[in-house]
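Residue-level listing of the chains:
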Amino acid sequence: MLLKVLNCFFWIFFWSTSTDAAKYPVVLWHGMGDTCCFPFSLGSITNLLETALNNTYVKSLKIGGNIVTDYESGFFMHPNKQVEYVCQELAKDKKLSEGYNAIGFSQGGQFLRAVAQRCPQPAMKVLISLGGQHQGVFGLPKCPSLKLHTCEYIRRLLNYAAYEEWAQQFSVQATYWHDPFQEHKYKAHSTFLADINNEVFYNGLYVDNLKKLDKFVMVKFLNDTIVQPLESHGVMKLDLQTDENISTTFSGH
């Protein structure tokens, strides 16, 4: 099963970098509950890319000084701080000075999009988002809120607390909690997603920087039990749909 997933991933990567961008190093950003280097997750992806791309430099992002802080950051370190930290790390890495390709896994997808929008140097060439929540989440992991009453009850509690100041500061997932029934509340209190989606005020630099990408691929996992709704994997609201290099979207398993 793992081999099948890796082969699918590898095909997507090579399709997406079929232009001159294929010659660039690769930056990876893991998702919630993962780290840069677990051998059964991003460690395997790193080895796969290095081997298949003739020892191309692959940088798997580690937030903080060790695996523990990297893991904890996925839950407790505000995305704005993570993005700022990553921008500094990328700028210091001389191997990336000519540009790089980026692959984000789950929430790492929208975090890397924020990097592309906020930090155009060094230049990101291709961005691949695998299951990223670009329009946020409105449900609990492995908890289908529209089918189970208990899940719906818990979801409502989280929905109530997600936009509290303490939740926005100390819960990463709260910063991309998107209640479609309370758009005004979401836009007023979301401290990350609403900003990078240009929903608080229009930031022309975000759009201009994102348009500098050679290609932006968003992959939706049809059998995902974590992200709700699934459509968040491949939805953008930055008026970029007319740009062929941005609007490419895959569905995958």
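Up top is the structure.
Here goes a summary of the coordinates provided. Keep in mind that this is a model prediction, so the values were computed, not measured. (Residues numbered from 1 in each chain as written. Predicted model: local features only at pLDDT ≥ 70, side-chain atom pairs only at ≥ 80, totals over all residues. Heavy atoms only, no water.)

### Examining helix 2 (residues 42-52)
Reasoning step 1: Looking only at helix 2, the buried set comprises L42, G43, S44, I45, T46 and L49.
Reasoning step 2: Backbone geometry just after helix 2 places N54 at a positive phi near 55 degrees. (Buried < 20%, exposed > 50% of the residue type's maximum accessible area, 1.4 Å probe, protein only. Helix = DSSP H or I, 4+ residues; strand = E, 2+ residues; numbered from the N terminus.)

### Digging into the environment of E164
Reasoning step 1: Locating E164 in the fold gives a position in the loop between helix 6 (149-161) and helix 7 (165-170).
Reasoning step 2: Assessed through its relative accessible area of 33%, E164 is described here as partly exposed.
Reasoning step 3: For the pair E164 and S190, spaced 26 residues apart in sequence, the C-alpha to C-alpha distance is 9.4 Å.

### Overview of the pattern of salt bridges
Reasoning step 1: Here the structure, examined in full by the defined rule, presents three salt bridges.
Reasoning step 2: Residues D93 and K59 are paired through a salt bridge, measuring 3.2 Å at the closest nitrogen-oxygen approach. Residue D93 is located in the loop between helix 4 (79-92) and strand 3 (100-105), and its partner K59 is located in strand 2 (residues 58-60); the two are separated by 34 residues in the primary sequence. Note on accessibility: D93 and K59 belong to one class, buried. (Salt bridge = Lys/Arg side-chain N within 4 Å of Asp/Glu carboxyl O.)

### Observations regarding the state of the cysteines
Note: disulfide means a covalent bond formed between the sulfur atoms of two cysteine side chains.
Reasoning step 1: Tallied over the full model, the rule gives two disulfides.
Reasoning step 2: C36 shares a disulfide with C37; S-S distance 2.2 Å. Disulfide C36-C37: torsion about the S-S bond near -90 degrees, hence left-handed.
Reasoning step 3: The exposure class assigned to C36 is buried, which follows from its relative accessible area of 1%.
Reasoning step 4: Disulfide pairing is shown between C87 and C119; the S-S distance is 2.0 Å. Measuring handedness by torsion sign, the sulfur bridge of C87 and C119 sits at about 95 degrees and is right-handed. Of this pair, C87 sits in helix 4 while C119 sits in the loop between helix 5 (107-118) and strand 4 (124-130), and the two are 32 residues apart along the sequence. (Disulfide = S-S within 2.5 Å.)

Note that all results are geometric; they support no functional claim without further evidence.
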